[in-house]
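Coordinate inspection notes
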Amino acid sequence: MSRKILIVGGVAGGASAAARLRRLNENDRIIMFEKGPHVSFSNCCLPYHLSDVIEDAESLVLMQPEKFFNQYRIDARINNEVIDIDRRNKKIKVKDLISNKEYEESYDKLILSPGAKPIVPNIPGIENINVFTVRNVVDIAKLKYFTNKSPENKVTVIGGGFVGVEVTENLREAGYDVTLIEASKQIMKPFDYDMVQILHKELDDKGVNLILEDKVVAFEDGHTILDSGRKIKSDVVIMAIGVTPDIKLAKKAELDIGESGAIKVDHNYCTNDKDIYAVGDAIEVYNALTHKKTRLPLAGPAQKQARAVADHINNIQVRNTGFIGSSVIKVFDLNGASTGLNENMIKELDINIDYEVARIIPSDKVGLMPGASPMHFKLIFEVPTGKILGAQAIGKGSVDKRVDVIATLIKFGGTVEDLKDLELCYAPTFSTAKDVVNHAGYVASNLLNNTFKQVPVTKVRELVEKGEYIIDVREENEFELGHVVGAKNIPLSQLRDRLDEIPKDKTLYVHCRSAQRSYNAVLALKQLGFENIYNIAGSFLGICLYEYFNDKTKNRKPIVTQYNFN
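Read on for an overview of the structure. Note that the structure is a prediction, hence the values are computed from the model and not measured.

Turning next to the overall build of the protein chain. When helices and strands are counted, the protein chain shows 15 helices and 32 strands. Relative to its length of 566 residues, the protein chain is compact, with a C-alpha radius of gyration of 27 Å against a globular reference of 24 Å. Expressed along its principal axes, the backbone C-alpha trace of the protein chain runs to roughly 90 × 55 × 40 Å. By the burial criterion, 54% of the 566 residues in the protein chain qualify as buried. Relative to all contacts within the protein chain whose residues are 6 or more apart in sequence, the contacts with residues 24 or more apart total 63%. For the protein chain, the computed accessible surface area is about 25,600 Å², with 47% contributed by carbon and sulfur atoms. Averaging the positions of the 73 positive and the 76 negative side-chain charges in the protein chain gives two centres separated by 3 Å.

With that settled, consider helix H1 (residues 11-24). The end-to-end C-alpha distance of H1, which contains 14 residues, comes to 20 Å, matching closely the 20 Å that a straight helix rising 1.5 Å per residue would cover. Inspection of H1 places Val-11, Ala-12, Gly-13, Gly-14, Ala-15, Ala-17, Ala-18, Ala-19, Arg-20, Leu-21 and Arg-22 among the buried residues, and these make up the whole buried set.

Below, the discussion takes up the state of the cysteines. Using the criterion set out here, one finds zero disulfides in the structure. Of the cysteine sulfurs around Cys-44, a residue in no disulfide, the closest is that of Cys-45, at 6.8 Å.

Take a positive patch on the surface next. On the surface, a cluster of positive charge is contributed by Lys-93, Lys-117, Lys-248 and Lys-252. When you line up the elements, Lys-117 lands in strand E10 (residues 116-118). The class of Lys-117 is partly exposed, set by a relative accessible area of 35%.

A few words now on the nonpolar core. Judged by nonpolar contacts, the single largest core of 51 residues is most densely connected at Phe-377, Leu-379, Ile-388, Ile-406, Leu-419, Ile-471 and Ile-502. The greatest single-element share of this core, amounting to seven residues, is contributed by helix H9 (residues 399-411). Setting aside residues no more than four positions away along its own chain, Ile-471 makes contact with Lys-488, Ile-490, Ile-502, Leu-508, Tyr-509, Val-510 and His-511.

Strand order across the open sheet formed by five strands is E28-E32-E31-E29-E30, with parallel pairing between neighbours. Every interior strand has two partners, whereas the edge strands, strand E28 (454-455) and strand E30 (488-489), have only one. Packing of helix H14 (residues 516-527) onto the sheet brings it into contact with strand E31 (508-511) and strand E32 (533-536), and relative to E32 it is tilted by some 175°.

When two helices pack together, their arrangement is given by the angle between the helix axes and by the axis-to-axis distance. For the pair H1 and helix H7 (residues 299-313), the least separation of the axes is 8 Å and the interaxial angle reads 35°. Note that H1 runs across H7; the crossing there is right-handed. Between H1 and H7, the contacting residues are Ala-12, Gly-13, Ser-16, Ala-17, Arg-20, Leu-21 and Leu-24 on the first element and Ala-299, Ala-302, Gln-303, Ala-306, Arg-307, Ala-310, Asp-311 and Ile-313 on the second. Here the residues of the contact of H1 with H7 sort into nine nonpolar, three polar and three charged.

Moving on, we come to the environment of Lys-365. Residue position: Lys-365 is located in the loop between strand E25 (355-360) and strand E26 (375-382). As for Lys-365 and Val-265, which are separated by 100 residues in sequence, their C-alpha atoms are 44 Å apart. Every residue in contact with Lys-365, bar those within four places of it in the chain, is listed here: Pro-370, Gly-371, Ala-372, Pro-428, Thr-429, Phe-430, Ser-431 and Thr-432.

The rules behind the values
- Numbering of residues begins from 1 in every chain and follows the order in which that chain's sequence is written.
- Confidence filtering applies because this is a predicted model: local features only for residues at pLDDT of at least 70, side-chain atom pairs given and counted only at 80 or more, and all residues used for totals across whole chains, interfaces and linings.
- Only heavy atoms go into the side-chain values, all of them from the structure, while hydrogens and water stay out.
- Only DSSP runs of H or I reaching four residues or more are called helices, and only runs of E reaching two or more are called strands; each is numbered from the N terminus.
- With the radius of gyration taken over C-alpha atoms, the globule rule is written as 2.2 Å times the number of residues to the power 0.38.
- With a 1.4 Å probe rolled over the protein chains alone, any residue whose accessible area is under 20% of its type maximum counts as buried; one over 50% counts as exposed, and the rest are partly exposed.
- A contact between two residues is defined here by any heavy atoms of the two lying within 4.5 Å.
- Exposure was quantified through the Shrake-Rupley algorithm and a 1.4 Å probe, taking into account, for residues, occlusion by the shown protein chains and nothing else.
- Residues scored as charged are limited to Lys and Arg (positive) and Asp and Glu (negative), so that His and the chain ends carry no count.
- The location of each charge is read from NZ of Lys, CZ of Arg, CG of Asp or CD of Glu.
- Multiplying one less than the number of residues by 1.5 Å gives the expected span of a helix.
- Note on terminology: disulfide denotes any pair of cysteine sulfur atoms within 2.5 Å.
- Patch building starts from residues that exceed 30% relative accessible area and form no salt bridge, then joins like charges within 9 Å and nonpolar side chains (Val, Leu, Ile, Met, Phe, Trp, Tyr) within 5 Å.
- We define a salt bridge as a side-chain nitrogen of Lys or Arg found within 4 Å of a carboxyl oxygen belonging to Asp or Glu.
- The term nonpolar core refers to a set of buried residues drawn from Ala, Val, Leu, Ile, Met, Phe, Trp, Tyr and Cys, joined through side-chain atoms within 4.5 Å.
- We treat two strands as partners when DSSP finds at least two bridges between them.
- All axes here are fitted lines through C-alpha atoms, helices being fitted over the stretch that makes contact, and every angle between N-to-C directions spans 0 to 180 degrees.
- Helix crossings get a hand from a simple test, with the near helix turned counterclockwise from the far one by less than a right angle marking a left-handed crossing and a clockwise turn marking a right-handed one.
- Charged residues are taken to be Asp, Glu, Lys and Arg, nonpolar residues to be Ala, Val, Leu, Ile, Met, Phe, Trp, Tyr, Cys and Pro, and polar residues to be all remaining types, Gly included.

Below you can see the structure in the form of structure tokens.
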């Protein structure tokens, strides 16, 4: 028997649900309502129109209503806003935004995919500034048109999340003077503070005026006024401080709202009304690692949810294992990916778990190959089980590939021992015989088995200020190009011949460039009778990257004689 299924909202959630529903049942009547002019567009690609990576805004539109109907017999109604749900009589009220006429449609099943709205706080003076948000094709076209009118425009982006960073990058690539303001101490919360310093430096290197730990308090005379008193010339302001789930329709219909402030759904994405489902940025999901409900406004999860709803409506069993939050971003010449838990999240959510961190900087491919570069990789795992909890990777190479491997292992409850044993593709142009993730598994296993002890780069400044005994095992020519203040240079190649120079009554902290040679030195010294000895994870390259941006922006005295990022 034919059913009538209505979908509120298109894009990743609504459009995906509609297409899957049609594939599963040719006879159902499917109507999709979108209050905007485009029912299916690539919202993740929107920022790239600003730099002309995507030249034509219309190419961001993936499918027009006519094509939906011709290919799928789906009635996609643009510029039609659903304004009310009558649950008792299973009807919705729709307003045609072109004609301003209202009409009703009945339903057997209703799917809500309204998405999320950009947060635009009521900051004093905001009405007197040129403010833009980035949610759809119309938004990005307006922003591009306005900025193109005056190439000398000073642009201020407020918010250092995915949208803020991507908009900043693309406007800078287009030649604009861009300031990025983030009220917290870092951009990009999927990365820990030690890792994100690499991205802070990249933005700074590319000419972005990055301002952290300073919030916007007002707009005045074409300037953005910060809490510190700083004034930033702002011909254009882009609000990217985050999104809030669009739950207006759901609340009006008295559907349950969850603890996160998004629509509450069960494991089948059904609301408290058995005939109404919800997917996408407007719902809360179960985090398989924190065991808490959370919001996850990403396209991949939205499409999975949409498929699950279509399956459930057609009596196909749905397996909901929760989400772990995997993501990737490009920041100029660097790529950054993350999955699962990070240290910030563990602390902020007060998750009671013992964990350890493996921080490595191997080459992303064989060093002899053109384009080989360091990959900064951070693996978080549970102690004593070795269960993998999360990972972050930043570099010029395929960070997504490495983090995807970790995400897969997390989904299947993998451990660091599993990571060591993974058989992955290898050729010199793609990776190393012992891939980055294998390497992380080896280091994590050594830490788990107490083969050696380590300290992170975040503790090195404290060690220097306390005058702790730091040994640099790089070669002399490397040491001369820059070293940690107060460090003693005993190259690994000379270590065994200079043991009499190393005190046995002090705690020793050893580093090299990336922590691999220093690891060898630590094991050798340990077996030669030295007891209190630590490897500095990340070593000199990690120290330089961690310290640089804060040293520069806070006028802080460096703890290195010269930075070295090679």
